[in-house]
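Structural features, examined
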Amino acid sequence: MSNFDLVIQLFLQLTVILVTCRIVTILGRRYLGQTDVVCEMIAGVMLGPSLLGLIAPNFQQWLFPKLPIITALGDKIPNPSMSILYAISQIGLAIYMFLIGLEFNTKLLKHHIKSAGLLSASGIITPFILGAIASFFLYQNGNFFQPKVVPWSAALYLGASMTITAFPMLARILYERGLAQTRFGTLALGAASVDDGVAWCLLAIVLASVKNSINIAILAIGGGICYILFAIFIGQRLLKVFTNITKRDAGVSRQTLTLFLIVLMFCAWFTDITGIYAIFGAFVLGAVTPRGEFAQQIRQYTEFFTTSFLLPIFFVFSGLNTQIGLVNTPALWGITILIVAIAVIGKGIACMLAAKLAGENWRESAIIGTLMNARGLMELIILNIGLEQGIITPTLFTIMVIMAIVTTLMASPLVAFLLHGTSYEKFTV
């Protein structure tokens, strides 16, 4: 396939992706009360083999070719068309996580660090233990993990997958409803960020065991800690240069925006090569970026293009790996229901009880538990990594995606129901 053919196919792929995401988003928001992120997640699954592949398999395979290309020497290489989509999706994901970091209220979190710690601990320990127990059952009773994965690695991976919270979606719901700056909103954001950070460290250990290299885990955990410390104590001061430039130029110029995007791409690159992935570096950069006119204008310049154009590509790319048809027996559907139940009990109910112990009322505790229970985007990321790195099979990938969809779909309607009749309802959109 020539470069010209790749460009032609890319334009058609993007057209189909954007049209589908827009239609599903309009219907989902109007009739189901879902956020854009959730609707785009569903649209991604629809464009994969689970729906489009059933209706028009030849067209779906032609438009989104998953089969590798075999060279003249017999080597298999990933289809360049999908590699391009993957690269674009990662750029959008990094910028979006930076925007989420910009919304993170670090000052308010400092005043409630103990409550956030309790909530975070409950959101890590309980789902991890339940996920690890479930992994031993799955490991011995079906084709869910690749042969090279040992039982304890399977336990770490599934435990980490259960620990994940849909941090971007959680932030999006709070932002859209004007609750990001509230006490319970900040607690949820803080706890979710810590939970996901721990999950990435666990994933690094799993990858180290699969690749028989402890250096992978050391590099990921050590590099992550060094990056956070540098960002907080040095990077935060260096970034004030952008604030001063913005004041001097009476706004963010093209040169300033370009320079900051260079910093963002570098941070994403650095955390990617350490093994904790680009989204972590982008989020931390957003969290330490000085607030004010500079941050507001950066958001204005990047948010709409990222959320409307780049981010939907990631959801579609993830949906292409989801084959709901693989869950085709009563036993597999029983396992799927069990996984969903473990996810809800381990994360949602545990976090609700922890929030209550931290001093929240039952309504706000239930809202926090509901938000923490959603997996969404972050779950898709860790599942895609597990599939690509040869940890899980497509069957377990599909089961976990179904769990992610169910727990994510629950979030928005439940939050709206719990907010009904409260003083927070006036902020909802």
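Whatever comes next refers back to the structure up there.
Below is a short write-up of the structure. (Residues numbered from 1 in each chain as written. Predicted model: local features only at pLDDT ≥ 70, side-chain atom pairs only at ≥ 80, totals over all residues. Heavy atoms only, no water.)

As for the overall build of the chain
Our working rule: Numbering of helices and strands runs from the N terminus; a helix is a DSSP stretch of H or I covering at least four residues, while a strand is a stretch of E covering at least two. A 1.4 Å probe rolled over the protein chains alone gives each residue an accessible area, and that area as a share of the maximum for its type sets the label: buried under 20%, exposed over 50%, partly exposed in between. Two residues form a contact once any of their heavy atoms are found within 4.5 Å. Method for areas: the Shrake-Rupley scheme with a 1.4 Å probe, in which residue coverage is limited to the protein chains shown.
When helices and strands are tallied, the chain shows 19 helices and 2 strands. By residue count, 57% of the 429 residues in the chain fall in the buried class. Contacts in the chain between residues far apart in sequence, at least 24 positions, make up 79% of those at least 6 positions apart. Put simply, the chain shows about 18,700 Å² of open surface, and 70% of that area lies on carbon and sulfur atoms.

Digging into unusual backbone geometry
For Ala250, which is not glycine, the phi dihedral falls at a positive 55°. Position of Ala250 among the secondary structure elements: in the loop between helix 12 (240-248) and helix 13 (254-274). Overall, Ala250 belongs to the exposed group, its relative accessible area being 74%.

Focus on the nonpolar core
Using the following cut-off: Here the nonpolar core consists of buried residues drawn from Ala, Val, Leu, Ile, Met, Phe, Trp, Tyr and Cys, with membership extended through side-chain atoms lying within 4.5 Å.
Counting 129 residues, the largest nonpolar core has Phe64, Leu85 and Phe98 as its most contacted members. Among the elements that make up this core, the one with the highest residue count is helix 19 (residues 394-419) (13 residues). Once residues lying within four places of it in the same chain are set aside, the contact partners of Phe98 are Phe260, Leu264, Ala282, Phe283, Leu285, Gly286, Thr289 and Ile298.

Overview of the environment of Ala132
If you trace the backbone, Ala132 turns up in helix 7 (residues 113-140). Since its relative accessible area comes to 11%, Ala132 is described here as buried. In the structure, Ala132 is positioned 20 residues away from Trp152 in sequence and 8.4 Å away in space, judged by C-alpha atoms. The residues contacting Ala132, other than those within four sequence positions of it, are Ala155 and Gly159.

Comments concerning a nonpolar patch on the surface
Put simply, the test is: In this scheme, patches are assembled from residues that exceed 30% relative accessible area and form no salt bridge. Like charges are connected within 9 Å, while nonpolar side chains (Val, Leu, Ile, Met, Phe, Trp, Tyr) are connected within 5 Å. Just to be clear on terms, a salt bridge is a Lys or Arg side-chain nitrogen sitting within 4 Å of an Asp or Glu carboxyl oxygen.
Taken together, Ile225, Ile228, Leu229, Phe230, Ile232, Phe233, Ile234 and Leu238 make up a surface patch of nonpolar side chains, about 730 Å² in accessible area. Structurally, Ile225 can be placed in helix 11 (residues 214-238). For Ile225, a relative accessible area of 47% corresponds to the partly exposed category.

Overview of the packing of helix 5 (residues 80-103) against helix 13
Rules: Here the axes come from fitting lines to C-alpha atoms, over the contacting stretch only for helices, and the angles between their N-to-C directions go from 0 to 180 degrees. Note that the term roughly parallel is reserved for angles under 35 degrees, roughly antiparallel for angles over 145, roughly perpendicular for angles of 65 to 115, and oblique for everything else. Under the scheme applied here, ten amino acids are nonpolar (Ala, Val, Leu, Ile, Met, Phe, Trp, Tyr, Cys and Pro), four are charged (Asp, Glu, Lys and Arg), and all others, including Gly, are polar.
Their axes nearest at 11 Å, the elements helix 5 and helix 13 cross at an angle of 105°. One way to sum up the angle between helix 5 and helix 13 is to call them roughly perpendicular. Contacts from Ala94, Ile95 and Phe98 of helix 5 reach helix 13 at Phe260, Leu264, Met265 and Ala268. Taken together, the residues of the contact of helix 5 with helix 13 break down into 7 nonpolar, no polar and no charged.

Concerning the packing of aromatic side chains
Convention followed: Centre distance within 6.5 Å is the pairing criterion for rings of Phe, Tyr and Trp, where only the six-membered ring of Trp is used; planes under 30 degrees apart are then read as stacked, over 60 as edge-to-face, and the remainder as tilted.
This model, assessed by the stated rule, comprises 11 aromatic pairs. Between Phe242 and Phe260, the aromatic rings sit 5.2 Å apart at their centres with planes inclined by 90°, giving edge-to-face as the arrangement. Placement of Phe242 in helix 12 and of Phe260 in helix 13 is noted, with a sequence separation of 18 residues between them. Taken individually, Phe242 and Phe260 each receive the classification buried, so the pair is uniform in this respect. Between Phe242 and Phe294 the ring centres are 5.3 Å apart and the planes differ by 20°, which places this aromatic pair in the stacked class.

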